[in-house]
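# Geometric and topological summary
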Amino acid sequence: MAPLIGISTYWEDPAAWGPWRMRAALLPAGYSGLVQRAGGLAVMLPPGDPGTAASVVARLDGVVIAGGSDVEPVRYGAGPHPRTGPPARERDAWELALIGAALDADTPLLGICRGLQLLNVARGGTLVQHIEGHVGEVAGQFGAHPVTPLPGTRYAGLVPEECTVPSQHHQSVDRLGDGLTVSAVAPDGTVEAVELAGRRWVLGVQWHPEMADDTRVMADFVRAAAATA
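Residues numbered from 1 in each chain as written. Predicted model: local features only at pLDDT ≥ 70, side-chain atom pairs only at ≥ 80, totals over all residues. Heavy atoms only, no water.

A few words now on the packing of aromatic side chains. Tallied over the full model, the rule gives 2 aromatic pairs. Centre to centre, the rings of Tyr155 and Trp207 are 5.5 Å apart; their planes meet at 65°, and the pair counts as edge-to-face. Taken as a pair, Tyr155 in helix 5 (residues 154-158) and Trp207 in the loop between strand 13 (202-205) and helix 6 (216-228) lie far apart in primary sequence, 52 residues in all. For the pair Tyr155 and Trp207, a shared accessibility class is recorded, and that class is buried. The ring centre of Trp11 lies 4.2 Å from the NZ or CZ of Arg23, which sits over that ring. (Phe/Tyr/Trp six-rings, centres within 6.5 Å; stacked < 30°, edge-to-face > 60°. Helix = DSSP H or I, 4+ residues; strand = E, 2+ residues; numbered from the N terminus. Buried < 20%, exposed > 50% of the residue type's maximum accessible area, 1.4 Å probe, protein only. Lys NZ or Arg CZ within 6 Å of the ring centre and 35° of its normal.)

This next bit is on the sheet that holds strand 4 (residues 41-45). Ordered by their spatial adjacency, 9 strands build an open sheet running 4-1-5-6-13-12-11-8-9, and the pairing between neighbours is mixed. Whereas interior strands pair on both sides, the edge strands pair on one side only; in this sheet they are strand 4 and strand 9 (163-167). The sheet shows a mean angle of 30° between the axes of neighbouring strands, direction not considered. The sheet contact formed by strand 5 (residues 62-65) and strand 6 (residues 109-112) spans 3 bridges and is parallel. When the sheet's bridge partners are listed, Val64 is paired in strand 6 with Leu110. Against the sheet, helix 6 touches strand 1 (4-8), strand 5, strand 6 and strand 13, its axis set at about 145° to strand 5. (Pairing = 2+ DSSP bridges. Axes fitted to C-alpha atoms, helices over the stretch in contact; angles between N-to-C directions. Contact = heavy atoms within 4.5 Å.)

This next bit is on the packing of helix 3 (residues 89-105) against helix 4 (residues 114-122). In contact at an axis separation of 10 Å, helix 3 and helix 4 are set at 70° when each is read in the N-to-C sense. The angle between helix 3 and helix 4 places the two elements in the roughly perpendicular class. Of the residues in helix 4, those in contact with Arg91, Asp92, Glu95, Leu96 and Ile99 of helix 3 are Arg114, Leu118, Leu119 and Ala122. Partitioning the contact of helix 3 with helix 4 into residue classes produces 5 nonpolar, no polar and 4 charged. (Parallel < 35°, antiparallel > 145°, perpendicular 65-115°, else oblique. Nonpolar A, V, L, I, M, F, W, Y, C, P; charged D, E, K, R; others polar.)

See below:
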């Protein structure tokens, strides 16, 4: 049976569709599409009570923390930079609880963009609140740049060559969280992937694989999740 993969979502208030304008839990379709192309079953996880995260994760075979808004700097002991976006406190609390529950249960975990940043924060790391050159030149469009895998890492075993990835972020890893290993970098030295040894499968990527055709990382994640099903 295909593994059940939960993907975090976020509140948009209001969201618009047809004649409707109301609060909705949103997730760009690329995330579920990537999970499905890689052989998994995708379910959306709207922000909820952090105290229920362990029960939610117990029903899943894998967890994906999706990209999105900036992590509130108070989460890593910093004040806000002028370019840092408004806080999404409910989402921060929920996704940090999901990450903690997945790590505690040794459930395969993939962080995408913001998801990598939250994984780093969850492990006691910090973030650079603003960098240049990693977003698209036109609002609402992704940029692109190469990433280089670092030998000996899980990521390098999956994607051994340098490749160009879709990018849309203005924050990045500063101090690396406990136990994390950098597994890919951009030409300017920005951390582009991290992983955690000693767990079944934990990886974060700074780019947006859901906007590309390469399924190698997601397929390996789904295989690991299937082994726990």
